[in-house]
Amino acid sequence: MSAIPRLPPFEPGMRIGLLGGSFNPPHEGHGLVTRIALTRLGLDRVWWLVTPGNPLKSRADLAALEARVEAARRLVESARVAVTDIEAQIGARYTYDTLAWLTRRAPRVRFVWIMGADNLRQFHLWRHWRDIADLTPIAVVDRPGSTLRAMSSRAAVALNRWRLPEAEAARLAGLAPPAVLFLHGPRSELSSTVLRRNA
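Residues numbered from 1 in each chain as written. Predicted model: local features only at pLDDT ≥ 70, side-chain atom pairs only at ≥ 80, totals over all residues. Heavy atoms only, no water.

So, the nonpolar core
The line we're drawing: In this text, buried Ala, Val, Leu, Ile, Met, Phe, Trp, Tyr and Cys residues form a nonpolar core when linked through side-chain atoms within 4.5 Å. Classification of residues uses two cut-offs on accessible area relative to the type maximum, computed with a 1.4 Å probe and protein chains only: under 20% is buried, over 50% is exposed, and between them is partly exposed. Contacts are assigned to residue pairs that have any heavy atoms within 4.5 Å of one another.
Grouped together as the largest cluster of nonpolar side chains are 30 residues, with contacts concentrated most on Leu18 and Phe123. Residues contacting Leu18, with those up to four places away along its chain left out, are Trp47, Leu49, Leu99, Leu102, Phe111, Val112, Trp113 and Ile114.

Here it is as structure tokens:
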């Protein structure tokens, strides 16, 4: 018998941002994106979804999942942020499968998928990326050096018809998908790849 997946606490009607990634390692850039999303989107919580691995990246230098989860928990600054390895618990490998499970498990929660602009650049390579946009609103947070390429990417062009003005950020979590928003603001030069390279 398998264990019942454990989610951070939630209540119907909550507005919860989901920030997924390998967090290899977690860093201040994750915290900055989270703070921007909590404030600008009017979220109640943000969950960091620490994944077993990124299907588009090599696992050669990937730290153990438990170590990444613990490192992420040490970095969290707010009681409004929770760290979970739900993807590993439910046996999902792709974002679409994780989001489909979460929206079934908590149908009255208003989830928002949060990604950096660097991820939007390659979003069209994600499995079922159009279906992800149909499951939950998406907030894209600006990253240094990513803006122009992200906004001209295949996925951004396809999703542009559902893009909200940035001034309407507080509405995003209450909208039915597809809905997309691009958030500008303080930007972190940090990335997990650079931190590992310099370690």
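Points about unusual backbone geometry
Basically, it comes down to this: Secondary structure counts use DSSP, requiring at least four H or I residues in a row for a helix and at least two E residues in a row for a strand, with both numbered from the N terminus.
The step from Asn24 to Pro25 runs through a cis peptide bond, and the omega angle for that step is 5°. Considering the arrangement of structural elements, one finds Pro25 in the loop between strand E1 (15-21) and helix H1 (28-41). In this structure, the amide linkage connecting Pro177 to the following residue, Pro178, adopts the cis form with an omega of 0°. Here Pro178 shows up in the loop between helix H8 (154-159) and strand E6 (180-183). Residues other than glycine seldom take positive phi values, yet His128 does so here, at roughly 60°.

Some details on helix H4 (residues 95-105)
Along H4, the positions that sit buried rather than exposed are Thr95, Thr98, Leu99, Ala100, Trp101 and Leu102. Contacts from the buried residues of H4 go to E1, strand E2 (45-50), helix H3 (86-90), strand E4 (110-116) and helix H6 (129-135).

Things to note about empty space enclosed by the protein
What counts, and what does not: Here a cavity denotes grid points, spaced 1 Å and computed from the protein atoms alone, that fit a 1.4 Å probe unable to get out, and a pocket denotes an open set having protein on both sides within 12 Å along at least 5 of 7 lines; residues with an atom within 4 Å of a point are the lining. Grid points are joined across faces, edges and corners, and a volume is the space filled by probe spheres set on the points. Think of it as three bins: nonpolar holds Ala, Val, Leu, Ile, Met, Phe, Trp, Tyr, Cys and Pro, charged holds Asp, Glu, Lys and Arg, and polar takes everything else, Gly as well.
What the rule picks out here adds up to one cavity of 30 Å³ or more. Residue lining of the largest cavity: Leu120, Val140, Met151, Ala156, Leu159, Asn160, Arg163, Val180, Leu181 and Phe182, and that is the complete set. Residue composition of the lining of the largest cavity, grouped by class: eight nonpolar, one polar and one charged.

Details of the packing of aromatic side chains
Basically, it comes down to this: Two rings from Phe, Tyr or Trp (for Trp, the six-membered ring) form a pair when their centres are within 6.5 Å of each other. A pair whose planes differ by under 30 degrees is stacked, one over 60 is edge-to-face, and the rest are tilted. Geometrically, a charge over a ring is one whose NZ (Lys) or CZ (Arg) sits within 6 Å of the ring centre while staying within 35 degrees of the ring normal.
Scanning all chains against the criterion turns up six aromatic pairs. Arranged with centres 5.1 Å apart and planes meeting at 25°, the rings of Phe23 and Trp48 form a pair that is stacked. Of the two residues, Phe23 sits in the loop between E1 and H1 while Trp48 sits in strand E2, which places them 25 residues apart along the sequence. Take Phe23 and Trp48: they sit in the same class, and that class is buried. Relative to Trp126, the ring of Trp113 has its centre 6.3 Å away and its plane inclined at 85°; by these criteria the two rings are edge-to-face. Of this pair, Trp113 sits in strand E4 while Trp126 sits in the loop between helix H5 (117-121) and H6, placing them 13 residues apart in sequence. Taking the relative accessible area as the measure of exposure, Trp113 reaches 4% and is therefore buried. Judged by its relative accessible area of 16%, Trp126 is buried. In this structure an aromatic cluster arises from ring pairing among Trp113, Phe123, Trp126 and Trp129. One Lys or Arg, Arg127, reaches over the ring of Tyr94 and ends 4.1 Å from the middle of that ring.

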